[in-house]
Amino acid sequence: MLKKAVILTGAGISAESGLRTFRDAGGLWEGHNVYDVATPEAWQRNPVLVQQFYNERRKSVREAAPNDAHRALVKLEQGYDVTIITQNIDDLHERAGSSTIVHLHGIITKSQSNNNPNLTYDIEGWELKMGDLCDQGSQLRPHVVWFGEAVPMIEKAAEICYTADIFIVIGTSLQVYPAAGLIDLVPKNALKFIVDLNETSVPGDVERIIEPASLGVPKLVARLLNTGA
Ligand code: APR
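The numbering scheme is per chain: residues are counted from 1 as the chain's sequence reads. Selection of residues for local features in this predicted model requires a pLDDT of at least 70, selection of side-chain atom pairs for listing and counting requires 80 or more, and totals for whole chains, interfaces and linings are taken over all residues. In computing side-chain properties, one takes all heavy atoms of the structure into account and sets aside hydrogens as well as water.

1. Describing the nonpolar core
- For this analysis, a nonpolar core means a set of buried residues of the types Ala, Val, Leu, Ile, Met, Phe, Trp, Tyr and Cys, connected via side-chain atoms within 4.5 Å. Burial classification: accessible surface area is computed with a 1.4 Å probe over protein chains only, and a residue below 20% of its type maximum counts as buried, one above 50% as exposed, and the rest as partly exposed. Within the largest apolar cluster, 24 residues are counted, with the highest numbers of intra-cluster contacts made by Val6, Ile85, Leu104, Cys161, Phe167, Leu174 and Leu182.
- If you list the elements that add at least two residues to this core, you get strand E1 (4-9), helix H8 (154-162) and strand E7 (166-170).
- Elements are defined by DSSP. Helices are runs of H or I of four residues or more, strands are runs of E of two residues or more, and each kind is numbered from the N terminus. Sort the elements by how many residues they give to this core and H8 lands first, with five residues.
- Whether two residues are in contact is decided by their heavy atoms: any pair within 4.5 Å suffices. Once residues lying within four places of it in the same chain are set aside, the contact partners of Cys161 are Val6, Ile85, Phe167, Leu182, Leu185, Val186 and Pro187.
- Core analysis: the second largest hydrophobic core is formed by 21 residues, Ala69, Tyr80, Val195 and Ala213 among them.

What follows is the structure, given as structure tokens:
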């Protein structure tokens, strides 16, 4: 039986693929007020602006490619039962070839019916416009969890964390809940690591690897595959 490796990723794992993070200098929220583009109120107030914001991001995602950190997590599957829990709405884990991915905040390559969030569709290309309707005739919106909305996948993610033998946090400031609380659900005897460009506040029993993800993750994966920790 393979040991379970649970990976929590944030925007930092995709930074070296050219996708901006949220809270770093020059990050996504630098250019936009969250409340203008990523809340249900923003969608009510100015849906065209919200669609434009996500169309721009979808275009960048389409133009980006997975990096060595995404690819290393695929390699980790050679020795572990790997589940990725990501806060990212890009599809770089999918495109790298990871087998099991839980998107806590949705995925930008899909749309959802405004009246029925369970009705989702793949978006061809990069544009979603007002007037694009679901099968039931209601407006399509990005399949993304906005601030103030429930995180439907959090229970599933919590169950996964309860069973972790190894827990690796990559490229997240751990400032947004409930995602940031997942580390507290991991068994005390699990091995915990964080790979981040900067020092982030984590519990004492977490091994810090302060490096860019594309360097730190492949090295950690090689170590774990060699030692079978
Ligand atoms: N390698 C590793 N870590 C990096 C790199 C890199 N090349 N570049 C940046 N980082 C780290 C930063 O140090 C920071 O800790 O990635 C983290 C990015 O943090 P945020 O910008 O806050 O992104 P994230 O933690 O994913 O945000 C969580 O907040 O805005 C919401 O829904 C949005 O999913 C997002 C959530």
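Right, picking up where we left off after that structure.
2. As for the pattern of salt bridges
- In the sections that follow, a salt bridge refers to a side-chain nitrogen of Lys or Arg positioned within 4 Å of a carboxyl oxygen of Asp or Glu. In the structure shown here, the tally under the stated rule is twelve salt bridges.
- Linking Asp68 and Arg71 is a salt bridge whose minimum nitrogen-to-oxygen distance equals 2.9 Å. Here Asp68 pairs with Arg71, and both are found in helix H6 (residues 68-75), just three residues apart, close to one helical turn.
- Taking the shortest distance from any N to any O, the salt bridge between Arg141 and Glu149 comes out at 2.9 Å.
- Classification of Arg141 as buried rests on a relative accessible area of 6%.

3. Observations regarding the sheet that holds strand E9 (residues 206-210)
- Following DSSP output, two strands are said to pair if at least two bridges run between them. The strand order E3-E2-E1-E7-E8-E9 describes an open sheet built from six strands, whose pairing is parallel. Two strands close off the open sheet at either side, each with one partner strand: strand E3 (101-103) and E9. Taken over all neighbouring pairs, the strand axes of this sheet differ in orientation by 15 degrees on average, direction set aside.
- Across five bridges, the pairing between E7 and strand E8 (residues 191-196) is parallel. Considered in E8, the bridge of Val169 is made with Ile194.
- For helices, the axis comes from a line fit to the C-alpha atoms of the stretch in contact; other axes are also lines fit to C-alpha atoms, and the angle between any two N-to-C directions lies between 0 and 180 degrees. This element, H8, spans E1, strand E2 (81-86), E3 and E7 of the sheet and lies at about 140 degrees to E2.

4. Quick look at the layout of surface pockets
- By volume, the second largest pocket amounts to about 380 Å³.
- The wall of the second largest pocket is formed by 21 residues, among which Gly106, Gln112, His143, Val145 and Pro152 lie closest to the centre.
- If you list the elements that add at least two residues to the lining of the second largest pocket, you get E3, strand E4 (106-113) and strand E6 (140-144).
- If you tally residues by element for the lining of the second largest pocket, the top one is E4, at four residues.
- Residues were grouped as follows: Ala, Val, Leu, Ile, Met, Phe, Trp, Tyr, Cys and Pro as nonpolar; Asp, Glu, Lys and Arg as charged; and all remaining residues, including Gly, as polar. Considering only residue class, the lining of the second largest pocket consists of ten nonpolar, seven polar and four charged.
- Domain segmentation is taken from an automatic or database assignment of domains. For the lining of the second largest pocket, the two domains that each supply at least three residues are domain 1 (1-19 + 66-105 + 150-229) and domain 2 (20-63 + 111-144). As defined here, a cavity is a set of points on a 1 Å grid over the protein atoms alone where a 1.4 Å probe fits but cannot get out. A pocket is an open set with protein on both sides within 12 Å along at least five of seven lines, and residues line them when an atom is within 4 Å of a point. Grid points are joined across faces, edges and corners, and a volume is the space filled by probe spheres set on the points.

Keep in mind these numbers describe shape, not what the thing actually does.
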